[in-house]
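Inside the fold
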Amino acid sequence: MKTVLSGIRPTGNLHLGNYYGALLNFVRMQQENKCYFFIADWHSLTTHPDPTMINVNVKNVIAEYLAAGINPEVSTIYRQSDVPEVAELYLYLNMHARMGELAKTASFKDKARKNPDNVNAGLLTYPTLMAADILIHNADMVPVGEDQEQHLEMTRVFARRFNHFYNVDYFKEPVPFNFGHKLIRIPGLDGSGKMGKSEGNCIYLGDEPKAIEKKVKRAVTDSGPTEPNSEKPEIIENLFTFLRLVSDEEVNKHFEEAWNDCSIRYGDLKKQIAEDIIKVTTPLRERILDLRGDDAYLNKVLEEGAEKARENAAKTLKEVREIMGFKKL
Ligand code: TYM
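Residues numbered from 1 in each chain as written. Predicted model: local features only at pLDDT ≥ 70, side-chain atom pairs only at ≥ 80, totals over all residues. Heavy atoms only, no water.

1. Brief notes about unusual backbone geometry
In most cases, non-glycine residues show a negative phi, while peptide bonds are predominantly trans. Positive phi values are uncommon outside glycine, yet Asn167 reaches one of about 55°. Notably, Asn229 is not glycine yet its phi reads approximately 55°, a positive angle. Residue placement: Asn229 occurs in the loop between helix H10 (209–217) and helix H11 (234–246). (Helix = DSSP H or I, 4+ residues; strand = E, 2+ residues; numbered from the N terminus.)

Here it is as structure tokens:
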């Protein structure tokens, strides 16, 4: 049995990028594997250190996890800050992480460029905290979107370096995972490369149907194909990416043919995409609303999850301490 782990920063509601990049893959894996899914609330402090929002966001995100199908009877769902063992492992891993490699990380450079007044040490060491999340459970597979690929590569480097330095074969080298395919990037419909919270172009799992229709209708397009069987420009390929995710094969075939014989009408394509996104999100939205009203249940899930996660984390930490030489005198 393999160990699977994934997580999401609680910095706002979950969007289709989170859903198709990480959550849905995780849900599909939970029956056959030992699965951990957590809320990366310490990571959110690197950009969103607002004490009044932490609990609001954690509550929203946990309701969304459960609504999306993560089953607390099968998987361990927990909040990062409930597992202090992660912080200790983060400290140890930081002793072997190099300034240069951390400063070169794409996400660090991007965030530092966007927020030059808040280039904090937590942001710099974001990849070591993420490695601690993964290595504390010695995960084999990590369902994530394409944007996390570099962080996973660094986790493998840290694991390898630890093993090499202490001359052990202790940490596994975890692989990023997307069910049966390469990692995906859900695009923004505004013509930007990626759907993301900071890009402000998200379709959220909890969006009302009217809001979804409006967002899809506004998607950027061009004047249409002029030659049969031509290659699709990126903004049009983005719409087809959505079609492949949410619509059935027949519908995909119809629009591919319409593209190829230049009869495509973008209005029809958008209408279809919106309709099929709404089919996916409506049952989720209803469950999210129910779950958000049930604090007692959400607290129970978090408490039980923390207990299970800590049990495994404590075991890892005990072994790591021994390897590193922290022993009885
Ligand atoms: P976060 O919160 O930015 O995103 C959560 C997950 O959603 C995926 N994702 C996407 N996938 C495809 N297309 C998109 N447009 C898109 N936007 C977001 C992300 O790839 C991610 O899988 N650092 C992580 C949280 C984290 C974590 C971990 C994940 C902390 N520790 C350990 C896995 C393992 C993050 O900020 O994800």
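2. Remarks on the layout of surface pockets
Roughly 1000 Å³ of internal volume is contained in the largest pocket. Surrounding the largest pocket, 44 residues form its lining, Arg9, Tyr126, Asp147, Gln148 and Lys194 being those nearest its centre. Broken down by element, the residue count for the lining of the largest pocket peaks at 5 residues, all from helix H6 (residues 106–114). Computed from the structure, the second largest pocket encloses a volume of approximately 490 Å³. (1 Å grid on protein atoms, 1.4 Å probe; cavity = no way out; pocket = protein on both sides within 12 Å on 5 of 7 lines; lining within 4 Å. Points joined across faces, edges and corners; volume = space filled by probe spheres on them.)

3. Details of the site of the ligand
Of all residues adjacent to the ligand, which total 27 residues, the nearest are Arg9, Tyr126, Asp133, Asp147 and Ile186. A distance of 2.8 Å separates an oxygen atom of the ligand from a polar atom in the backbone of Gly145. Note that a nitrogen atom of the ligand is positioned 3.2 Å from one of the side-chain N or O atoms of Gln148. If the ligand stood free it would expose 700 Å²; the protein chains cover 98% of that surface. At the level of elements, strand E1 (3–8), helix H1 (16–29) and helix H8 (126–135) are the ones that each hand at least two residues to the shell around the ligand. Considering only residue class, the shell around the ligand consists of 13 nonpolar, 8 polar and 6 charged. (Near = heavy atom within 4 Å. Polar contact = N/O pair within 3.5 Å; in protein donor to acceptor, adjacent residues only side chain to side chain. Areas by Shrake-Rupley, 256 points an atom, 1.4 Å probe, with all protein chains shown as cover. Nonpolar A, V, L, I, M, F, W, Y, C, P; charged D, E, K, R; others polar.)

4. Let's talk about the pattern of salt bridges
Within the structure shown, the criterion is met by 22 salt bridges. Three or more residues joined by partner-sharing salt bridges are found here, namely Asp110, Arg113 and Lys114. (Salt bridge = Lys/Arg side-chain N within 4 Å of Asp/Glu carboxyl O.)

5. Topic: the packing of H1 against helix H13 (residues 266–292)
Their axes nearest at 12 Å, the elements H1 and H13 cross at an angle of 85°. Regarding the angle of H1 to H13, the classification is roughly perpendicular. Residues Leu16, Tyr19 and Tyr20 of H1 form the contact with H13, whose participating residues are Ile277, Val280, Thr281 and Leu284. Split into classes, the residues belonging to the contact of H1 with H13 amount to 6 nonpolar, 1 polar and no charged. (Axes fitted to C-alpha atoms, helices over the stretch in contact; angles between N-to-C directions. Parallel < 35°, antiparallel > 145°, perpendicular 65-115°, else oblique. Contact = heavy atoms within 4.5 Å.)

6. Observations concerning a negative patch on the surface
Side chains of Asp248, Glu249, Glu250, Glu257 and Asp261 sit close together on the surface and give a patch of like negative charge. Secondary-structure assignment places Glu257 in helix H12 (residues 249–260). For Glu257, a relative accessible area of 46% puts it in the partly exposed group. (Patch = residues over 30% accessible without salt bridge, like charges linked within 9 Å, V, L, I, M, F, W, Y side chains within 5 Å. Lys, Arg positive; Asp, Glu negative; His and termini not counted. Charge placed at Lys NZ, Arg CZ, Asp CG, Glu CD. Buried < 20%, exposed > 50% of the residue type's maximum accessible area, 1.4 Å probe, protein only.)

7. Here we look at the side chain of His15
Mapping His15 onto the fold places it in the loop between E1 and H1. His15 sits in the buried class, given a relative accessible area of 4%. Once you skip the residues sitting within four places of it in the chain, His15 turns out to touch Met195, Gly196, Lys197, Cys202, Ile203, Tyr204 and Leu205.

8. Brief notes about empty space enclosed by the protein
By the definition in use, this model includes 1 cavity of 30 Å³ or more. Its volume calculated, the largest cavity comes out at about 30 Å³. Around the largest cavity, the lining residues are Ser107, Phe108, Lys111, Leu123 and Tyr126. The leading source of residues in the lining of the largest cavity is H6, at 3 residues. Among the residues making up the lining of the largest cavity, the classes are represented as 3 nonpolar, 1 polar and 1 charged.

9. Topic: the nonpolar core
Formed by 57 residues in total, the largest nonpolar core has its most connected members in Leu23, Tyr65, Leu269 and Ile277. If one sorts the elements of this core by residue count, H13 sits on top with 9 residues. If you count residues domain by domain, this core takes at least three from each of domain 1 (3–185 + 295–324) and domain 2 (209–289). What Leu269 contacts, discounting residues up to four positions off in sequence, is Leu239, Phe240, Leu243, Phe255 and Ile264. In this structure, Tyr92, Phe108, Ala159 and Tyr170 belong to the second largest nonpolar core, which totals 39 residues. (Core = buried A, V, L, I, M, F, W, Y, C linked by side-chain atoms within 4.5 Å. Domains from an automatic or database assignment.)

10. Thoughts on the packing of aromatic side chains
For the structure on display, the rule yields 11 aromatic pairs. Consider the rings of Phe177 and Phe179, whose centres lie 6.1 Å apart with planes at 90°: the pair is edge-to-face. Given the relative accessible area of 21%, Phe177 is considered partly exposed. Put simply, the rings of Phe162, Phe165, Tyr166, Tyr170 and Phe171 pair up and form one aromatic cluster. (Phe/Tyr/Trp six-rings, centres within 6.5 Å; stacked < 30°, edge-to-face > 60°.)

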